[in-house]
Amino acid sequence: MFTAIPTFFGRILFFIYENIANNNYGVALIIFAITTRFLMLPLALKQIKSSARMQELQPQMQEIQKKYKNDREKLNQEMMKFYQEHKYNPMSGCLPILIQMPIMISLFSVIRRPLTYMLRGYDSETITDLISKVPEDILIRGYEELSAVSFHGIMDLSFLGVNLGLVPTWRPEIIFGTDTMRIYLPLFLISVIAAITTYFSSKMMTAMRSKNDKKDKKDDPNAAMQKNMMLVAPFLTFFFSFQFPAGLGLYWTVGNLFQMVQQFLVNGVGKKNKKEA
Amino acid sequence: MELRKIFILPIKLYQKWISPLKIMPCCRFYPTCSQYAVDSIIKYGIFLGVIKSVKRILKCNPFHPGGYDPA
């Protein structure tokens, strides 16, 4: 069970790598990320249709918010009841987001262990043998298969000159070190870009919602909280990116960009509806 | 009771550290799916609590209206 899912995604990634991405690992990851997002598009579209009704329900929602201003528990309950009655819900749900978690975790395994999960024809004996031939000083602990892949030249993990199998670091002496800068500065940039795109995609999502909410921001404790949340997500992304190979950061970045385009199109639809109303 | 706490701890950790990564609250229900999981594990025990939580998460998508649904 725990190897089935990574194997499944690994084979898909390998198929893309070999047949579509012209043996470019980075391009394969990008196509993989876009494909998974496209597969979840039906859920997103359903949600967009529902969002279009927000305008007409706005006045009633504001009334409820005013009425239970001082009782958050009651406010949440009443809001949910209201949504139920009108068959409308501004949230997209936990499932669409939770589906992404096994994909992320499996992808981490796939990137970390390409010989086991991605490439064909390597049994565990061969893998152990290949790893044992890698000199001790270039063997990276926890990423032995990646070291073996690079050492034996089995697969090229580079994308635009960046080795996506390496874990970025935040330590300035490595990022700007004379020998290591060429490798680790681009890796660091992937972390930065992942964090920046997280920030902007979250900003676009909140911007859309607060525009629809049209309530006085000074009175709204949510507005301040959301502002904080918007900084938490990019910060956590930045922090996490130093724990995993850069390929995962690339996947995350592409997901963010997809989200931004999707949100841009949704905002456009929202404006159109406003004009018609 | 101790075993229940072991199941609840990762959910609490999720609420504190993973959930903010989602940028915006996303749950279509009140209480949220994670809170529902905590409540139902306390109320029904681990086995039934987990099953109920999984059912709840599966429901939490744009094809279900959502709403007020306590454990």
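Computed from a predicted model, the values in this text were never measured in an experiment.

Reading the values: rules and limits
- Residues numbered from 1 in each chain as written.
- Chains lettered and ligands numbered in written order.
- Predicted model: local features only at pLDDT ≥ 70, side-chain atom pairs only at ≥ 80, totals over all residues.
- Heavy atoms only, no water.
- Helix = DSSP H or I, 4+ residues; strand = E, 2+ residues; numbered from the N terminus.
- Rg over C-alpha atoms; globule rule 2.2 N^0.38 Å.
- Buried < 20%, exposed > 50% of the residue type's maximum accessible area, 1.4 Å probe, protein only.
- Contact = heavy atoms within 4.5 Å.
- Areas by Shrake-Rupley, 256 points an atom, 1.4 Å probe, with all protein chains shown as cover.
- Buried area = accessible area lost by both parts, 1.4 Å probe.
- Salt bridge = Lys/Arg side-chain N within 4 Å of Asp/Glu carboxyl O.
- Polar contact = N/O pair within 3.5 Å; in protein donor to acceptor, adjacent residues only side chain to side chain.
- Expected span 1.5 Å × (residues − 1).
- Bend = angle between axes of the 7 residues up to and from the residue.
- Core = buried A, V, L, I, M, F, W, Y, C linked by side-chain atoms within 4.5 Å.
- Axes fitted to C-alpha atoms, helices over the stretch in contact; angles between N-to-C directions.
- Parallel < 35°, antiparallel > 145°, perpendicular 65-115°, else oblique.
- Left-handed = near helix turned anticlockwise from the far one by under 90°.

**Some details on the overall build of chain B**
- The helix and strand inventory of chain B stands at three helices and two strands.
- Element order for chain B, N to C, with α for helix and β for strand: α-β-α-α-β.
- The C-alpha radius of gyration computed for chain B amounts to 12 Å, which stays within 12% of the reference 11 Å derived for 71 residues, consistent with globular compactness.
- The principal-axis extents of the C-alpha atoms in chain B amount to approximately 35 × 25 × 15 Å.
- The burial tally for chain B puts 42% of its 71 residues in the buried class.
- Look at the contacts in chain B between residues 6 or more apart in sequence, and 71% of them connect residues 24 or more apart.
- Entry remark: accessible area of chain B is about 3,900 Å², with carbon and sulfur atoms responsible for 72%.

**Some points on the interface of chain A and chain B**
- At the interface, 33 residues of chain A touch 25 residues of chain B.
- Interface area lost by chain A to chain B is led by M80(A), C94(A) and L95(A), which between them contribute 19%.
- Put simply, chain A and chain B have zero salt bridges between them.
- Summed over the shared surface of chain A and chain B, the result is nine residue pairs in polar contact (both at pLDDT 80 or more).
- For the side of chain A that touches chain B, the elements supplying multiple residues, two or more each, are helix 3 (41–51), helix 5 (72–86), helix 6 (94–98), helix 12 (181–213) and helix 13 (221–241) of chain A.
- At seven residues, helix 13 of chain A tops the list of elements feeding residues into the side of chain A that touches chain B.

**Overview of the pattern of salt bridges**
Residue and element names in this part refer to chain A.
- One pass over the structure, following the stated rule, counts seven salt bridges over all chains.
- One salt bridge connects E145 with R113, and the closest N-O pair in it is separated by 3.2 Å. Taken as a pair, E145 in helix 10 (residues 144–152) and R113 in the loop between helix 7 (100–112) and helix 8 (114–117) lie far apart in primary sequence, 32 residues in all.
- Exposure remark for R113: the relative accessible area of 30% places this residue in the partly exposed category.

**Re helix 1 (residues 2–18) of chain B**
- The first and last C-alpha atoms of helix 1 of chain B sit 24 Å apart over 17 residues, in line with the 24 Å expected at 1.5 Å per residue.
- Helix geometry: helix 1 of chain B is bent most strongly at I8(B), by close to 25°, with proline P10(B) lying one to four residues after it.

**Topic: the nonpolar core**
All names here are of chain A.
- In this structure, L13 and Y25 are the most contacted members of the largest nonpolar core, which totals 41 residues.
- If you list the elements that add at least two residues to this core, you get helix 1 (4–20), helix 2 (25–39), helix 7, helix 8, helix 9 (124–132), helix 10, helix 12 and helix 14 (246–276).
- Residues within four places of L13 in sequence aside, it is in contact with Y25, A28, L29, F32, L107, V110 and M118.

**Some words on the packing of helix 1 of chain B against helix 2 (residues 33–44) of chain B**
Residue and element names in this part refer to chain B.
- Relative orientation of the contacting elements helix 1 and helix 2 amounts to 170°, with a least axis distance of 10 Å. Of the possible angle classes, the one that applies to helix 1 and helix 2 is roughly antiparallel. Both helix 1 and helix 2 take part in a crossing whose hand is left-handed. For the pair helix 1 and helix 2, contact is made by R4, F7, I8, I11, K12, Y14 and Q15 and by S34, Q35, A37, V38, I41 and I42, respectively.

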